[in-house]
Amino acid sequence: MVETALTVEEFQKVTARIEAEVGKVIVGQREVVRYVLIALIAGGHVLLEGVPGLGKTMLVRTLASALNLKFSRIQFTPDLMPSDITGTMILVEDEVGGRTFQFQPGPIFANLVLADEVNRATPKTQSALLEAMQERTVTVSNTIHRLPRPFFVLATQNPIEMEGTYPLPEAQLDRFFFKLLVSFPRADELIDILNRTTTVEEPRVETVADGETILAMGELARGLAVASPVMDYIARLVLATHPENPEAPDVVRRYVRYGSSPRGAQALVLGAKIAALLDGRFNVAIDDVRAVALPALRHRIILNFEGQAEGIQPDQVVRTLLEQLPVK
């Protein structure tokens with residue numbers, strides 16, 4: 001348990017300072033930064049999808065600096081082995097010549113872990129990472145090693161270059177709290193990026209919080225109560241993503257093969273709670289649910305063949321749901 005207690009005002013102040021420090025380095029992408037922060041407070045993981053060079057690695061590194069957390073980066077390649085992530089047993093010789101096996105922790109033992117191009121590794125290696133994400137532990141030689149708290153994985157994948165990749169199965173995608181789409185910067189943002197990155201001076205990020213503060217923020221969010229109508233809306237929204245549900249709109253029945261899992265509902269609840277706190281409120285509104293619906297559900301909606309053939313995107317399905325699902 002975390003002993004530090006926070007007020008709503010302190011919660012807002014800390015998040016504002018974190019976003020300000022990240023903004024010194026990351027140009028634009030305010031929505032991405034906000035959603036990454038929501039997932040971090042909720043204790044979840046994020047899958048970032050975007051072309052190379054958009055600052056995904058720098059975002060995680062900057063967050064680690066602003067939060068005084070240990071940062072680790074894993075470049076996923078087809079020859080990466082599970083032990084390259086989790087660690088392995090090595091033979092160590094002591095002062096008297098005796099030899100014993102000792103566990104050498106891998107890069108997964110950090111607070112913020114960047115899994116770069118996660119779809120380039122084989123399924124065996126992907127599963128090692130995703131098991132650590134789910135269980136918060138690593139098992140090597142029948143010994144369980146606990147990962148540090150907070151533990152947050154930000155995985156990236158390139159949506160353009162798919163040759164030689166191993167797309168994440170739907171069940172593994174479901175382990176991610178949010179899936180965020182990183183867009184290309186606008187012209188003014190691109191000029192700002194060039195001005196910041198092609199000069200001698202580099203922006204300095206100050207530490208404004210630590211891991212205990214993030215854990216305390218998560219406990220404050222989880223302590224919020226959700227009114228019955230809002231909880232009912234979340235349940236109906238998730239059920240409406242399933243084509244066999246009577247409340248499912250035509251776009252779901254026609255183009256969706258599988259809908260969201262209960263993890264999607266959990267992400268909606270926690271994300272909405274944190275969104276309410278960021279707005280200075282103790283009451284969770286339906287608008288808070290709608291604000292986090294896209295990142296929480298887009299990777300949990302599996303399109304059928306017809307949907308893929310017609311170029312339907314999961315975001316279109318979620319937006320239609322939000323427009324057509326009545327509020328009772």
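Please refer to the structure placed before this passage.
Computed from a predicted structure; not experimentally measured.

Novice: If you had to explain the environment of Thr-7 to someone new, which residues and values would you point to?
Specialist: Considering the arrangement of structural elements, one finds Thr-7 in the segment before helix H1 (8-23). The sequence separation of Thr-7 and Leu-220 amounts to 213 residues, and the corresponding C-alpha distance is 8.1 Å.

Novice: Tell me about the pairing of strand S1 (residues 46-49), and name the residues and values.
Specialist: Judged by which residues are buried, S1 turns out to be covered on both faces: Val-46 and Leu-48 on one side and Leu-47 and Glu-49 on the other are all buried. In the sheet, S1 pairs with strand S8 (residues 152-157) via 4 bridges, with the strands oriented parallel. Considered in S8, the bridge of Leu-47 is made with Ala-155. Sheet topology note: the S1/strand S9 (residues 178-181) ladder contains 4 bridges and is parallel. The residue bridging Leu-48 from the neighbouring strand is Leu-180, located in S9.

Novice: Would you mind going over the packing of helix H2 (residues 30-42) against helix H8 (residues 211-222) in detail, with residue names and values included?
Specialist: With their axes 7 Å apart at the nearest point, H2 and H8 run at an angle of 85° to one another. Here H8 runs roughly perpendicular to H2, going by the angle between their axes. Seen from H2, the contacting residues are Leu-40, Ile-41 and Ala-42; seen from H8, they are Ile-214, Met-217, Gly-218 and Arg-222. Of the residues belonging to the contact of H2 with H8, the class tally is 5 nonpolar, 1 polar and 1 charged.

Novice: Give me the lowdown on the packing of aromatic side chains, citing residues and values where you can.
Specialist: As enumerated under the stated definition, the model contains 2 aromatic pairs in all. On the basis of an interplanar angle of 85° and a centroid distance of 5.7 Å, the ring pair of Tyr-35 and Phe-178 is categorised as edge-to-face. Taken together, the residues span a long stretch of sequence, with Tyr-35 in helix H2 and Phe-178 in strand S9 at a distance of 143 residues. Each of the two residues, Tyr-35 as well as Phe-178, counts as buried. Measuring from centroid to centroid gives 4.6 Å for Phe-177 and Phe-178, while their planes differ by 50°, and the two rings are tilted. Judged by relative accessible area, which is 9%, Phe-177 ranks as buried.

Novice: Any chance you could break down the sheet that holds S8 for me, citing the residues and the numbers?
Specialist: Pairing is parallel in the open sheet, where 5 strands are placed in the order S2-S5-S8-S1-S9. Each edge of the open sheet is held by one strand with a lone partner, namely strand S2 (71-75) and S9. The mean angle between the axes of side-by-side strands here comes to 20°, regardless of whether they run parallel or antiparallel. Across the face of the sheet, helix H3 (residues 56-67) comes into contact with S1, S2, strand S5 (112-116) and S8 while running at roughly 170° to S5.

Novice: Pulling in residues and values, what's your account of the nonpolar core?
Specialist: Counting residues in each nonpolar core, the largest one holds 80 residues, and the members touching the most others are Ile-18, Val-36, Phe-178, Leu-237, Leu-268 and Val-317. With 10 residues, the top contributor of residues to this core is H2. The contacts of Phe-178, once residues within four sequence positions are left out, are Tyr-35, Ile-38, Ala-39, His-45, Val-46, Leu-47, Val-292, Pro-295, Ala-296 and His-299. Counting residues in hydrophobic clusters, the runner-up holds 26 residues, among them Ile-85, Ala-115, Val-118 and Leu-129.

Scoring rules and cut-offs
Per chain, the residues get numbers from 1 upward, laid out in the order the sequence is written. Whole-chain, interface and lining totals are the exception, using all residues; otherwise, since this is a predicted model, local features are given only for residues with pLDDT of at least 70 and side-chain atom pairs are given and counted only at 80 or more. Calculation of side-chain values draws on the structure's entire complement of heavy atoms; hydrogens and water are dropped beforehand. Put simply, DSSP H or I for four residues or longer makes a helix, DSSP E for two residues or longer makes a strand, and each gets a number counted from the N terminus. Partly exposed residues are those whose accessible area sits between 20% and 50% of the maximum for their type, while under 20% is buried and over 50% is exposed, using a 1.4 Å probe and protein chains only. Should DSSP find at least two bridges between two strands, the strands are taken to pair. Only the stretch in contact is used when a helix axis is fitted, and all axes are lines through C-alpha atoms; the angle between N-to-C directions ranges over 0 to 180 degrees. An angle counts as roughly parallel when it lies under 35 degrees, as roughly antiparallel when it exceeds 145, as roughly perpendicular when it falls between 65 and 115, and as oblique in every other case. The contact criterion used is simple: two residues touch if any of their non-hydrogen atoms lie within 4.5 Å. Following the grouping adopted for this structure description, the nonpolar residues are Ala, Val, Leu, Ile, Met, Phe, Trp, Tyr, Cys and Pro, the charged ones are Asp, Glu, Lys and Arg, and the polar ones are all others, Gly among them. For this analysis, a ring pair means two rings from Phe, Tyr or Trp (six-membered ring only for Trp) whose centres lie within 6.5 Å, classed as stacked if their planes differ by under 30 degrees, edge-to-face if by over 60, and tilted for the remaining angles. Here the nonpolar core consists of buried residues drawn from Ala, Val, Leu, Ile, Met, Phe, Trp, Tyr and Cys, with membership extended through side-chain atoms lying within 4.5 Å.

Any functional reading would require information beyond the geometric quantities listed.
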